[in-house]
Amino acid sequence: MTAPLSVLKFGGSSVGSPERIHRVARIIEAHHKRGEKLVVVVSAMADTTDDLIALAKKVSPRATERTHKREMDMLLTTGERISMALLSMALADLGLEAVSFTGSQSGIITTNFHGEARINDIRPIRIFESLEKGKISIVAGFQGVSLEKEITTLGRGGSDTSAVALGAKLGAKEVFIYTDVDGVYSADPRKIPAAQKLDVLSARLAYLAASRGAQVLHHRCLEVALKFKIPVRVLSSFLEKDVIREGRFFDNGTRIIPHSQETQMENPFVSVVNKSSHVSLLQISGMENSKVLELITRLQDSKLTWISLRSFESGLEVICRDELVDEFCSHFRPQQRLTDLTLLSLVGGGLTAAPELTRGVLAILKRKKIEPVHVLIGDEVMEIAVPTSPDLDPLLAEIHALTR
Ligand code: ADP
Ligand code: ASP
Ligand code: MG
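None of these values were measured; they are calculated from a predicted model.

Peer 1: Tell me about the pairing of strand 9 (residues 174-179), residues and numbers included.
Peer 2: Summarising burial for strand 9: six of the six residues are buried, a large majority. Side chains E174, F176 and Y178 project from strand 9 onto one buried face, and the interleaved V175, I177 and T179 project onto a second face that is buried too. Bridge count between strand 1 (residues 5-10) and strand 9: five bridges; the pairing is parallel. Paired with L8 across the bridge in strand 9 is F176. Here five bridges tie strand 9 to strand 11 (residues 232-236), and the two strands are oriented parallel to one another. Looking across to strand 11, one finds that F176 is bridged to R233.

Take a look at the structure:
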């Protein structure tokens, strides 16, 4: 019987210092002792990616504009190369044979859309070779190479997607996403103290939460998990030495599963409440209906991504990240353009049939004198866009309390 393969991913704070890298090496050693074949994906250390972006902006104020995206990808991919090489050395010092690969060396083939490339295929020839030889492969997350032989990045937080995509391609039994919290919570545990850890969450709801502010997972990794039915586990790498030594952590965290685990029959429920800041609302009306679809097609062709898009009779409303507004506006001229908003999202099921919940949320907004600029209620998501202000965490805490 061949040994089972696991993909492990360690985020930026997990590999944020030499001590942290040593701790991660011990976690990998514990997996190795269980007889697993291992592919390990790493992010850049701590704030490296942010620091590189700040550095680029000092050199060129236009660094984040589309014209500079190719060079930004060249720059940002260096962050993950640092951590992969350091981790590989730390493993060697523990007597474990490991070899590091960039995204390109790992055969991660992406589109050529710099800054937000998507994975088209993985040709993991070198990973197979090193696994054959009993070595652990360390892969730089968040990056790949296009068929045009250009180095690309997958978008902020994209190492999770590298890990799950590799898990799908290599037939991993499980993908372990090690991070700085011990699972996916009903709200951001750093901002909402009453947030509760979820033992299980469906990949579909995790996808919706992740695309709306639950940054603990990159939303696109959940598309892949869902499509290829790959089990994902989110857990903390901040473990005590004896817990690692005794292997008392493999079952920790939140299990993300391809199907629903809901026990509620048709009752409405909310699993996660999150917020996304720095978003904009763009609205255009007075168009011919046929032109609305043409415009949507044009936006899709442009590869721009949005959080929410709603077409209505002779118009269109888009919620997107603030930084993409200019690019969106190069495709249409919105009559309404509201920036620096925060999108509050409740993710769950049966929400169109939950009048008490809607009434409760509206009462909280009214009491706090916060005027929503957009509300959309679907079966799985209730989204409310409001002007950004400092009181939104307490507001979210109240909404969260309503859903428990
Ligand atoms: P990594 O560097 O490991 O990729 P991230 O910083 O990308 O980690 O994601 C982890 C962070 O996600 C946590 O520190 C937490 O503050 C935040 N977060 C936001 N929403 C949630 C949520 N619903 N559950 C858990 N963590 C969340
Ligand atoms: N280092 C990249 C970022 O900070 C990718 C990642 O962390 O997943 O966005
Ligand atoms: Mg992350």
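Peer 1: Run through the environment of I384, naming residues and quoting values.
Peer 2: In this fold, I384 is placed in strand 18 (residues 381-387). Judged by relative accessible area, I384 falls into the buried class, the value being 1%. For I384 and T342, which are 42 residues apart along the polypeptide, the C-alpha to C-alpha distance reads 8.2 Å. If we ignore the near neighbours within four places in the chain, the residues touching I384 are T342, L343, L344, V361, L365, P372, H374 and V375.

Peer 1: Outline the site of ligand 2, supporting the account with residue identities and numerical values.
Peer 2: Around ligand 2 sit S43, A44, T49, E80, F142, R156, G157, G158 and S159, and that is every residue in its neighbourhood. Here E80 contributes a side-chain N or O atom positioned 2.7 Å from a nitrogen atom of ligand 2. With respect to ligand 2, the side chain of S159 contributes an N or O atom lying 2.9 Å from an oxygen atom. Contact with the protein chains hides 87% of the accessible area of ligand 2, taken as 260 Å² for the molecule alone. Tallied by class, residues from the shell around ligand 2 come to two nonpolar, five polar and two charged.

Peer 1: Got a sec to walk through the site of ligand 1? Specific residues and values, please.
Peer 2: Close to ligand 1 lie 20 residues; T179, D180, Y185, D188 and R190 are nearest. A distance of 2.9 Å separates a nitrogen atom of ligand 1 from a polar atom in the backbone of Y185. Backbone polar atom of V216 to an oxygen atom of ligand 1: 3.4 Å apart, as the coordinates give it. The fraction of the free accessible surface of ligand 1 (580 Å²) that becomes covered by protein chains is 88%. Partitioning the shell around ligand 1 into residue classes produces eight nonpolar, eight polar and four charged.

Peer 1: Summarise the packing of helix 5 (residues 159-170) against helix 7 (residues 219-228); cite the residues concerned and give the values.
Peer 2: Viewed as axis vectors pointing N to C, helix 5 and helix 7 meet at an angle of 15°, and their least axial separation amounts to 8 Å. As judged from the angle between their axes, helix 5 and helix 7 are roughly parallel. The way helix 5 lies across helix 7 gives a crossing that is left-handed. Counting all contacts with helix 5, which are made through D160, T161, V164, A165 and A168, the residues of helix 7 involved are R220, C221, V224, A225 and F228. Here the residues of the contact of helix 5 with helix 7 are counted per class, giving seven nonpolar, one polar and two charged.

Peer 1: Talk me through unusual backbone geometry; I want residue IDs and the actual numbers.
Peer 2: Among all residues save glycine, negative phi is the norm, and among peptide bonds the norm is trans. Backbone geometry places A46, a non-glycine residue, at a positive phi of 40°. Tracing the chain through its elements places A46 in the loop between strand 2 (37-42) and helix 2 (48-59). Positive phi, normally seen in glycine, also occurs at K369, with a value near 55°. You can call K369 exposed: its relative accessible area is 75%.

Rules and cut-offs
- Residues numbered from 1 in each chain as written.
- Chains lettered and ligands numbered in written order.
- Predicted model: local features only at pLDDT ≥ 70, side-chain atom pairs only at ≥ 80, totals over all residues.
- Heavy atoms only, no water.
- Buried < 20%, exposed > 50% of the residue type's maximum accessible area, 1.4 Å probe, protein only.
- Helix = DSSP H or I, 4+ residues; strand = E, 2+ residues; numbered from the N terminus.
- Pairing = 2+ DSSP bridges.
- Contact = heavy atoms within 4.5 Å.
- Near = heavy atom within 4 Å.
- Polar contact = N/O pair within 3.5 Å; in protein donor to acceptor, adjacent residues only side chain to side chain.
- Areas by Shrake-Rupley, 256 points an atom, 1.4 Å probe, with all protein chains shown as cover.
- Nonpolar A, V, L, I, M, F, W, Y, C, P; charged D, E, K, R; others polar.
- Axes fitted to C-alpha atoms, helices over the stretch in contact; angles between N-to-C directions.
- Parallel < 35°, antiparallel > 145°, perpendicular 65-115°, else oblique.
- Left-handed = near helix turned anticlockwise from the far one by under 90°.

So far we have only geometry, and geometry alone does not tell us how the molecule works.
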